[in-house]
Amino acid sequence: MFRNRNFGYWPLESIGEHIARLNNEFNRVITRGWRETERAFPAFNIWSNAEGAVLAAELPGVKVEDIELTVSGNVVTIKGSRKNLLAGDDKYVRRERQEGEFVRTFELPFQVEPAKVKAESAKGILRLELPRAEADKPKRIEVRSA
Amino acid sequence: MDTAKTYDMKESPSSKEEVAMPEGVERFGSRKAFVPPVDIVDNGKQTVLIADMPGVDQDSIEVMIEKNVLTIKGKPQPIEFQGLQLVYSEYAEGDFERSFTVTEDVDRDNITANIKEGVLTVVIPKARPAARRIAVGQSDAG
């Protein structure tokens, strides 16, 4: 919709609003064992510029190998689960940490280059690097006077 | 109008619970402090405290026991990406802080703690209920 409204300049405000709006529509959490379903889990922060976006999520205890990441055009889906396992005699005295399966979907305002997507996690924070597809990047067209 | 709005993580609708301060007391410094969610598991021999502290590692965690209060504190490094701007935020960054009162039957000297993938595990063994028998002497000769 707002693509190429300005050549070479990507309106950041629109990206934020765009993501926030779509997030409300798309995002769902498979509720199993969640006590507070209104909270999106995991919580995401998104950084962006003309070259792409970086998504970070707080996912303590979840390894990057346990995340299923799907990129299709401009839609990114992050799927996974967190299970808190107990040994035989262990009993919960208090239970606050969220567990269960989760799915989050974000539609970005640009096409993603799937081959260049990077996913890593450190200290319980998942980080996804989603570079913008080369073909999707705005090109400056030289204007010559006749 | 395409004026780029700057997002401030401090204003983000955080999914995390902030540390409550006593009335009239304000937090020193600009960073927020959050209460990490915990599971407490007991198997009769030991109590295990598991806390979610994303972004915290061995160098930024502090576990302390003073009298009968166990305190966990974490100070994660803020995340920044060069040349990128925050455009959407669901969680705020900040420190983690929480205290627990432990019962008397705790073996304080053998508490161990470990942090892995942003999950802190504190193992608190129970003191053996060795009802120590106190030898009673006899002093009256005869």
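Scope of this entry: the structure provided in the associated data block. (Residues numbered from 1 in each chain as written. Chains lettered and ligands numbered in written order. Predicted model: local features only at pLDDT ≥ 70, side-chain atom pairs only at ≥ 80, totals over all residues. Heavy atoms only, no water.)

**A word on the overall build of chain A**
For clarity, the threshold we go by: Strands are runs of DSSP state E lasting at least 2 residues, helices are runs of H or I lasting at least 4, and numbering of each runs from the N terminus. Note on exposure labels: buried denotes an accessible area under 20% of the residue type's maximum, exposed denotes more than 50%, and partly exposed covers the range between, all computed with a 1.4 Å probe on protein chains only. Throughout, a residue-residue contact means that at least one pair of heavy atoms, one from each residue, lies within 4.5 Å. Only the protein chains shown count as cover for residues, with accessible areas throughout obtained via the Shrake-Rupley method and a probe of 1.4 Å.
When helices and strands are tallied, chain A shows one helix and eight strands. The secondary structure elements of chain A, listed N-terminal to C-terminal, are α-β-β-β-β-β-β-β-β. When the 146 residues of chain A are sorted by exposure, 44% land in the buried category. Once local pairs closer than 6 in sequence are excluded, the contacts in chain A between residues at least 24 apart make up 58%. As displayed, chain A has an accessible area near 8,200 Å², and 47% of this comes from carbon and sulfur atoms.

**Quick look at the nonpolar core**
Defined as follows: In this description, a nonpolar core means a group of buried Ala, Val, Leu, Ile, Met, Phe, Trp, Tyr and Cys residues linked to one another through side-chain atoms lying within 4.5 Å.
Counting 22 residues, the largest nonpolar core has Leu55 and Ile78 of chain A as its most contacted members. Of all the secondary-structure elements, those providing two or more residues to this core are β1 (44-49), β2 (52-58), β4 (75-82), β6 (100-107) and β8 (125-131) of chain A together with β6 (85-89) of chain B. Every residue in contact with leucine 55 of chain A, bar those within four places of it in the chain, is listed here: Phe44, Asn45, Ile46, Ile78, Phe106, Leu126, Arg127, Leu128 and Leu130 of chain A. Core analysis: the second largest hydrophobic core is formed by 18 residues, Ile40, Phe96, Ile115 and Leu120 of chain B among them.

**Observations concerning the sheet that holds strand β7 (residues 118-122) of chain A**
Defined as follows: At least two DSSP bridges between two strands are required for those strands to pair. Interaxial angle, 0 to 180 degrees, is taken between N-to-C directions of lines fitted to C-alpha atoms, where a helix line uses only the stretch in contact.
Strand order in the open sheet formed by five strands is β7(A)-β8(A)-β2(A)-β1(A)-β6(B), with antiparallel pairing between adjacent strands. Only two strands of the sheet have a single partner each, and these edge strands are β7 of chain A together with β6 of chain B. For this sheet, the mean inter-axis angle between neighbouring strands, taken without regard to orientation, is 20°. Pairing analysis gives seven bridges linking β2 of chain A to β8 of chain A, with the strands arranged antiparallel. Counterpart to alanine 53 of chain A in the pairing with β8 of chain A is leucine 130 of chain A.

**Observations regarding empty space enclosed by the protein**
Basically, it comes down to this: Of the two site types, the cavity is a set of points on a 1 Å grid over the protein atoms alone where a 1.4 Å probe fits but cannot get out, and the pocket is an open set with protein on both sides within 12 Å along at least five of seven lines, each lined by residues with an atom within 4 Å of a point. Grid points are joined across faces, edges and corners, and a volume is the space filled by probe spheres set on the points.
Under the definition given, this model contains one cavity of 30 Å³ or more. Empty space within the largest cavity amounts to approximately 70 Å³. Lining the largest cavity are 14 residues, with Glu58 and Ile125 of chain A together with Pro54, Pro76 and Glu93 of chain B sitting closest to its centre.

**Side note on the side chain of asparagine 74 of chain A**
All names here are of chain A. Mapped onto the fold, asparagine 74 is located in the loop between β3 (68-72) and β4. The class for asparagine 74 is buried, based on a relative accessible area of 15%. Aside from chain neighbours lying at most four places away, what touches asparagine 74 is Phe106, Glu107, Leu108, Phe110 and Gln111.

**Some words on the environment of valine 71 of chain A**
All names here are of chain A. You can see valine 71 is positioned in strand β3. Sequence separation of valine 71 and phenylalanine 106 is 35 residues, and the distance between their C-alpha atoms is 9.8 Å. Not counting chain neighbours up to four residues away, the residues in contact with valine 71 comprise Val76, Val112, Val117 and Leu130.

**Observations concerning the pairing of strand β3 (residues 46-52) of chain B**
The side chains of a regular strand alternate, first on one face of the sheet and then on the other. Residue and element names in this part refer to chain B. With six of seven residues buried, β3 is to be regarded as a mostly interior element. Here strand β2 (residues 38-42) folds back onto β3, and the loop between the two strands holds three residues, one of which, glycine 44, carries a positive phi near 90°. Here β3 pairs with strand β9 (residues 119-125) via seven bridges, running antiparallel. Following the sheet pairing, leucine 49 is matched in β9 by valine 122.

**Regarding the environment of valine 75 of chain A**
Residues and elements named next belong to chain A. Note that valine 75 resides in strand β4. Take valine 75: its relative accessible area is 22%, and that puts it in the partly exposed class. A sequence separation of 31 residues divides valine 75 from phenylalanine 106, and the C-alpha atoms of the two residues are 5.7 Å apart. Setting aside chain neighbours within four positions, we find valine 75 in contact with Thr70, Thr105, Phe106 and Glu107.

**Notes on the packing of aromatic side chains**
Counted only if it meets this: Think of it this way: a Phe, Tyr or Trp ring, Trp meaning its six-membered ring, pairs with another when their centres are within 6.5 Å, and the plane angle makes it stacked under 30 degrees, edge-to-face over 60, tilted otherwise.
The full count for this structure, using the stated rule, is four aromatic pairs over all chains. Ring geometry for tryptophan 47 of chain A versus phenylalanine 81 of chain B: centroids 4.7 Å apart, planes at 70°, classification edge-to-face. With one member in each of two chains, tryptophan 47 of chain A in strand β1 and phenylalanine 81 of chain B in the loop between β5 (69-74) and β6 form a pair that bridges those chains. Aromatic pair phenylalanine 106 of chain A and tyrosine 88 of chain B: ring centres 6.4 Å apart, planes at 70°, arrangement edge-to-face. Remark: tyrosine 88 of chain B occurs in strand β6 and phenylalanine 106 of chain A occurs in strand β6; the pair is interchain, linking two chains. Here phenylalanine 106 of chain A and tyrosine 88 of chain B have matching classes, each one buried. Feature note: the residues Phe44 and Phe106 of chain A together with Tyr88 of chain B constitute an aromatic cluster, connected by ring pairs.

All we've got here are geometric facts, nothing functional implied.
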